[in-house]
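Each chain is listed here by its residues.
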Amino acid sequence: MIDDGILKRLDRVQGMGGSDDDLLDSIKASDALIERRLTLRLDSGKRVQVTCWRCQHSHLLGPCKGGLRFHPEVSEEEVRSLAFKMTLKTALLGLPLGGAKGGVPIDGSALSVHERERLCRAWTRAFISDIGPNKDIPAPDVGCGPEEMAWIRDEYEQLMGKSVPHVVTGKPSALGGLNLRDGATARGGKRVLDKLRDKLGLTQEEPTVIVQGFGKVGGQIASLLAKDGYRIIGVSDSSGSLRKPEGFNVDDLLAAKEQGKSFSGLDNELEAEGGEPDAILTDECDLLVPAALGEQIHQDNADDIKASVILELANDAVSADADEILVKRDIRLVPDILANAGGVLASYHEWLAGKAGHEVVVETAEKSLDDIIDRAADRAWHMHKRAEVSLQTACYALAVEHLQQVARCRGLA
Ligand code: NAD
């Protein structure tokens, strides 16, 4: 079953009227949930069996696209929900791709480099008949990175006996990967804010910002915002949080992370006030950016949030119960399917370049990412005003509307 949160949000779209109920019901189900068992040989010589899943939520728009997650707690349900969410994202952006997600319940960070390589090659062999550049294109997600994509591409090409650069995205740049300067996800999130800044009421000269989760995306968005005159007054990682009302120098935070430091215990060095990881979530600020994990803003803390705008960079950072509370409290939520869509846009460009057999041009991809995000943000805002629904419901409604149009053209609705 998919996550209740997505179902609740789809119910709100249904409540707006005008949507095809049969289609809505049909998209709640995934096209395929593939389960495979693979054997991983550890460096010790011991062999472990791992059951993993790949969900292809929908081929309605085109081949499926989605991350591969190596995490001990990943589950079949999570994979299913995240694949669905990707379909909503690609539909909102109007991309010719459907949503997928893969999960391997293993702690990637606990494996040696050789073990990770063997795992990726075993994974590719196990899913060889399911993936492909016109079928299902994996990308990195939690616990996976460019290295893993390089191994998957290599194994796939060896098995197929031909070059297939676009069988995965998120590859190292030497293998045709697209590395945007600011990070695609953060760039997309910042672009949405630029487009909607006045409308969201972020009109302060120096809006104050709290970033929860200072990893790849959190660090990049903090850097982009600071360069544009926002004041970063709170940050956190899984070890702790830091507050500094006069604002952090983001380069100091990035340098600390680069050196592998955790925020816990860095308060003196950065002349900040330290606390528990969650302590800053409910602090006063203009903009709150959850960039850590899902379900961080939930029924029990949504009433205490003091930000006026939330940019949801982590998937599902706000639970469905919480978004009802936020709407009542007039807190503007820029939902994940719009806020973090920059990542799939970069993947799309990398895939297109591989398909066409030419190098991916960073400037062209950045310009296209900006244009597509601008268009989606404009349309979402317009729908939000016209239909008098939250920005989140507007984004879901636009995604469903597009899926419906495509289904009709195919004679399926
Ligand atoms: P990451 O692993 O680089 O960073 C996650 C950060 O969150 C780390 O600093 C970690 O310490 C911190 N964290 C974990 N638990 C925390 C807690 N309870 N409180 C505060 N901080 C906590 O991951 P990332 O690639 O930056 O991704 C962040 C989120 O954005 C994820 O939810 C991911 O699914 C989502 N996302 C990422 C991308 C991408 O391009 N990387 C694209 C779309 C969505």
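See above for the structure.
Conventions adopted
Residues numbered from 1 in each chain as written. Predicted model: local features only at pLDDT ≥ 70, side-chain atom pairs only at ≥ 80, totals over all residues. Heavy atoms only, no water. Core = buried A, V, L, I, M, F, W, Y, C linked by side-chain atoms within 4.5 Å. Buried < 20%, exposed > 50% of the residue type's maximum accessible area, 1.4 Å probe, protein only. Contact = heavy atoms within 4.5 Å. Salt bridge = Lys/Arg side-chain N within 4 Å of Asp/Glu carboxyl O. Helix = DSSP H or I, 4+ residues; strand = E, 2+ residues; numbered from the N terminus. Near = heavy atom within 4 Å. Polar contact = N/O pair within 3.5 Å; in protein donor to acceptor, adjacent residues only side chain to side chain. Areas by Shrake-Rupley, 256 points an atom, 1.4 Å probe, with all protein chains shown as cover. Lys, Arg positive; Asp, Glu negative; His and termini not counted. Pairing = 2+ DSSP bridges. Right-handed = clockwise from strand over helix to strand, strands pointing away. Axes fitted to C-alpha atoms, helices over the stretch in contact; angles between N-to-C directions.

Draft legend 1. Main features of the nonpolar core. Ranked by internal contacts, the top residues of the largest apolar core, which has 84 residues, are Leu225, Val235, Leu242, Leu287, Val289, Leu311 and Leu338. Excluding residues within four positions of it along the chain, leucine 225 makes contact with Lys190, Leu193, Val209, Tyr230, Ile232, Leu287 and Val289.

Draft legend 2. Focus on the pattern of salt bridges. With the rule as written, the count across this model stands at 38 salt bridges. Across the pair lysine 171 and glutamate 350 runs a salt bridge whose closest N-O atoms are separated by 2.9 Å. Taken together, the positions of lysine 171 in the loop between α5 (146-160) and α6 (184-200) and glutamate 350 in helix α11 (residues 342-356) put the pair 179 residues apart, joining distant regions of the chain. Through salt bridges that share partners, Arg9, Arg12, Lys85, Asp316, Asp323, Glu324 and Asp336 make up one connected network.

Draft legend 3. Fine view of the site of the ligand. Around the ligand, the surrounding shell holds 20 residues, and the nearest of these are Thr185, Lys216, Val217, Ser238 and Ala292. At 2.9 Å from an oxygen atom of the ligand is found a main-chain nitrogen or oxygen belonging to valine 217. Take alanine 292: an N or O atom from its main chain is 2.9 Å from an oxygen atom of the ligand. About the coverage of the ligand: the protein hides 73% of its 830 Å² of free accessible area.

Draft legend 4. The arrangement of the side chain of lysine 89 in detail. For lysine 89, the location among the structural elements is in helix α3 (residues 76-93). Summary of buried charges: lysine 89 has no salt-bridge partner, and the nearest side chain of opposite charge, aspartate 336, is 6.4 Å away. Not counting the four nearest positions on each side in its chain, lysine 89 is found in contact with Asn315, Asp336, Ile337, Asn340, Ala341 and Val344.

Draft legend 5. Here's a closer look at the pairing of strand β4 (residues 98-104). When you tally the buried positions in β4, you get seven out of seven residues, the bulk of the element. Side-chain alternation along β4 places Gly98, Ala100, Gly102 and Val104 on one buried face and Gly99, Lys101 and Gly103 on a second face that is also buried. Sheet topology places strand β3 (residues 64-70) next to β4; five bridges connect them, and they run parallel. When the sheet's bridge partners are listed, arginine 69 is paired in β4 with glycine 103. Taken together, β3, α3 and β4 constitute a β-α-β crossover, and its handedness is right-handed.

Draft legend 6. Region of the structure containing the sheet that holds strand β5 (residues 136-140). If you trace the five strands from one edge of the open sheet to the other, you get β1-β2-β4-β3-β5, paired in mixed fashion. Edge strands, defined here as strands with exactly one partner in the open sheet, are β1 (32-41) and β5. Neighbour-to-neighbour, the strand axes of the sheet open up by a mean angle of 25 degrees, direction not taken into account. Note that β1 and strand β2 (residues 47-56) share 10 bridges and pair antiparallel. Along β2, the bridge assignment pairs glutamate 35 with tryptophan 53.

Draft legend 7. Representation of the side chain of aspartate 141. Tracing the backbone shows aspartate 141 in the loop between β5 and α5. Looking at aspartate 141, its side chain comes within polar contact range of the side chain of lysine 101, at 3.1 Å. Dropping the residues within four chain positions of it, aspartate 141 is found in contact with Gly67, Leu68, Arg69 and Lys101.

Read these as geometric descriptors, not functional statements.
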